[in-house]
Amino acid sequence: MSENAYKQAGVDVEAGYESVRLIKEDVKKTAIEGVLGGIGGFGGLFEIPNGYENPVLVSGTDGVGTKIKVAFLMDKHDTIGQDCVAMCVNDIACSGAKPLFFLDYLAIGKNVPEKVAKIVKGVADGCVLAGCALVGGETAEHPDLMPEDEYDLGGFSVGIVEKSKITDGEKASAGNMLIGIASSGVHSNGYSLVRKVFGLNNDNAKEILNTYSDELGKTVGEELLTPTRIYVKPLLKLIDEIGINTVSHITGGGFIENVPRMLPDGLKAVIRKGTWNVLPVFDLMRKKADIPERDMYNTFNMGIGMVVAVDADKADAAVKCLENSGEKAYIIGELVNGEKGVEIIDDMTGEVIK
């Protein structure tokens, strides 16, 4: 066989080398204290920082689901990496941990170095927002396994927290107030339903994405590709300055699945609809597809990306701390004694959303 046999089989090694060259500067900007070496080795090296008496490592892994298909349709690839980082590091921060480093895995039908560079730029941007280092990754060219113009992206992150400071819900109690931190949009969950609602599985999907929406104040595509907000720095600042008792990242499963994950047995969360601004994209989807209200809260974040429980006398200070960090925050409910779970109540009528 010729020396280009691998390329003839569909894998371009030279394109892989070029991809690495193009991403080096973006990777370099994520370097923080603790990084040993650079990309290109067989493993990413990171030195555990000093100052911890009993350090606990916290890890998380995730992807961006079918939101990635919106990126394909719009041929826009520079923000999807931030989504991937956000899904991992926001989960880690829920334990009170500071993310240390991140690795990505990109499987692509055909390695186009410029496209890979855009994807990894988004990853690096996310790492900068989270304050962690991009210490390595893998780009795998998969001819015959996926179409040439498609790819999938996953990530993995490791963080660190002092064992005595882990936010595991043990300090939560009845009377705690719930603080909701605003989301930037749909984030990265529920996109199979999103695509169905907006008709993005149809032949005219690109036209739909490029259509300006008065309700959204932008095109549908711009709204749906808004990157997931990264809450790491504001949340860790809140923990240090005010203190929290427990926290939940509102991802797939919305409020109904995720809020109970932050609760110990014997506590119920009461969420008061109407205490924050539900983003227009959620109202639009509900109207377009006539989705039952509880299903919306069981699928989407509805404008709240994180829910934090704090002592009642710290609630106002917590909101102010988050606002000083550039976040929109609201007091959206409280914890009460009861069977572990969540109850969503219309704050105007007092009716439970069922």
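Each chain carries its own residue numbering, running from 1 in the direction its sequence is written. At least 70 in pLDDT is required for a residue's local features to be given in this predicted model, at least 80 for side-chain atom pairs to be given and counted, and no such filter applies to totals for whole chains, interfaces and linings, which use all residues. Side-chain measures here rest on the full set of heavy atoms in the structure, leaving out hydrogens and waters.

Chemist: Account for the sheet that holds strand β4 (residues 98–108), naming residues and giving values.
Modeler: Strands were regarded as paired on the criterion that DSSP finds at least two bridges between them. Numbering goes from the N terminus for both helices and strands, where a helix is a DSSP run of H or I of at least four residues and a strand is a run of E of at least two. Strand order across the open sheet formed by 4 strands is β3-β6-β4-β5, with mixed pairing between neighbours. Taken across any chain shown, the strands that pair with only one partner, and hence form the sheet edges, are β3 (55–63) and β5 (133–141). Across the sheet, the axes of successive neighbouring strands diverge by a mean angle of 15 degrees, strand direction being ignored. Here β4 pairs with strand β6 (residues 151–162) via 10 bridges, running antiparallel. Its bridge partner lying in β6, A107 is registered against D152. Here a residue-residue contact requires only that any non-hydrogen atoms of the pair lie within 4.5 Å. Whenever a helix is involved, its axis is fitted only over the stretch in contact; in every case the axis is a line through C-alpha atoms, and angles between N-to-C directions fall within 0 to 180 degrees. Strands β3, β4 and β6 of the sheet are contacted by helix α4 (residues 80–93), whose axis makes an angle of about 30 degrees with β6.

Chemist: Pulling in residues and values, what's your account of the environment of I48?
Modeler: Mapping I48 onto the fold places it in the loop between β2 (45–46) and β3. Think of it in three bands: residues with accessible area under 20% of the maximum for their type are buried, residues over 50% are exposed, and the middle band is partly exposed, with areas taken using a 1.4 Å probe on protein chains only. According to the relative accessible area criterion, I48 is partly exposed, its value standing at 47%. In this structure, the C-alpha to C-alpha distance between I48 and T139, residues 91 residues apart in sequence, is 27 Å.

Chemist: Go over unusual backbone geometry, please, and point to the residues and values.
Modeler: Phi is positive for D75, close to 50 degrees, though the residue is something other than glycine. A positive phi angle, close to 50 degrees, is found at D290, a residue other than glycine. Looking at the secondary structure, you find D290 in the loop between α11 (280–289) and α12 (293–297).

Chemist: A description of the packing of aromatic side chains should follow, citing residues and the corresponding values.
Modeler: Two measures describe an aromatic ring pair: the distance that separates the ring centres and the angle between the ring planes. Centre distance within 6.5 Å is the pairing criterion for rings of Phe, Tyr and Trp, where only the six-membered ring of Trp is used; planes under 30 degrees apart are then read as stacked, over 60 as edge-to-face, and the remainder as tilted. Counted under the stated rule, the structure contains 6 aromatic pairs. Taken together, a centroid distance of 5.5 Å and an interplanar angle of 40 degrees make the contact between F46 and F101 tilted. Remark: F101 occurs in strand β4 and F46 occurs in strand β2; sequence separation between them is 55 residues. As far as burial versus exposure is concerned, F46 and F101 are alike and both buried. Summarising the aromatic geometry, the rings of F72 and Y151 are spaced 5.0 Å apart at their centres and angled 75 degrees between planes, so their arrangement reads as edge-to-face. Taken together, the positions of F72 in helix α3 (residues 68–74) and Y151 in strand β6 put the pair 79 residues apart, joining distant regions of the chain. In terms of burial, F72 and Y151 fall into one category: buried. Grouping aromatic residues by their ring pairs yields a cluster made of F255, W276 and Y297.

Chemist: Which residues make up the pairing of β6, and what are the values?
Modeler: Taken across its 12 residues, β6 has 10 buried, putting it largely inside the fold. As paired elements, β3 and β6 share 9 bridges and run antiparallel to each other. Bridging from a neighbouring strand, D62 pairs with G155 of β6.

Chemist: If you had to explain the pattern of salt bridges to someone new, which residues and values would you point to?
Modeler: Think of a salt bridge as a Lys or Arg side-chain nitrogen and an Asp or Glu carboxyl oxygen that are within 4 Å of each other. Counting across every chain of the model gives 15 salt bridges. Residue R229 is joined to E327 by a salt bridge in which the shortest nitrogen-to-oxygen separation is 2.7 Å. Taken together, the residues R229 in the loop between α8 (220–224) and α9 (232–241) and E327 in the loop between α13 (315–324) and β13 (329–337) connect sequence positions 98 residues apart. Residue E327 is classed as buried on the basis of its relative accessible area of 7%. R272 is the salt-bridge partner of E334, the closest N and O atoms lying 2.8 Å from each other. Within this pair, whereas E334 is found in strand β13, its partner R272 is found in strand β11 (residues 267–273), the two being separated by 62 residues in sequence.

Chemist: Break down the sheet that holds strand β7 (residues 177–182) for me, citing the residues and quoting the values.
Modeler: Read from one edge to the other, the open sheet built from 6 strands follows the order β10-β12-β7-β13-β11-β14, with strand pairing classed as mixed. Only two strands of the sheet have a single neighbouring strand rather than two, namely β10 (246–249) and β14 (341–346). Taking each pair of neighbouring strands and ignoring which way they run, the sheet shows an average axis angle of 25 degrees. Pairing analysis gives 5 bridges linking β11 to β13, with the strands arranged antiparallel. Considered in β13, the bridge of L267 is made with N337.

Chemist: Please provide a residue-by-residue account of the side chain of T167, values included.
Modeler: Tracing the sequence through the fold places T167 in the loop between β6 and β7. Under the relative-accessibility criterion, T167 is labelled buried at 11%. Among the polar contacts made by the side chain of T167, one reaches the main-chain amide nitrogen of G96 at a distance of 3.2 Å. Residues in contact with T167, not counting those within four places in the same chain, are C94, S95, G96, I239, I244 and V247. Here a polar contact means two N or O atoms within 3.5 Å. Within protein one must be a hydrogen donor candidate and the other an acceptor candidate, and residues neighboring in sequence count only if both atoms are side-chain atoms.

Chemist: Would you mind going over the packing of α9 against α13 in detail, with residue names and values included?
Modeler: Interaxial distance between α9 and α13 falls to 9 Å at its minimum, and their mutual angle equals 140 degrees. Judged by the angle between their axes, α9 and α13 are oblique. At the point where α9 passes α13, the crossing takes the right-handed sense. Packed against α9, whose contacting residues are P234, K237, L238 and E241, the element α13 presents A318, C321, L322 and N324 at the interface. Here the residues of the contact of α9 with α13 sort into 5 nonpolar, 1 polar and 2 charged. Should an angle lie under 35 degrees it is considered roughly parallel, over 145 roughly antiparallel, and from 65 to 115 roughly perpendicular; all remaining angles are considered oblique. Each crossing gets its handedness from the near helix: less than a right angle anticlockwise from the far helix is left-handed, clockwise is right-handed. Residue polarity is assigned by list, with Asp, Glu, Lys and Arg as charged and Ala, Val, Leu, Ile, Met, Phe, Trp, Tyr, Cys and Pro as nonpolar; anything else, Gly included, falls into the polar class.

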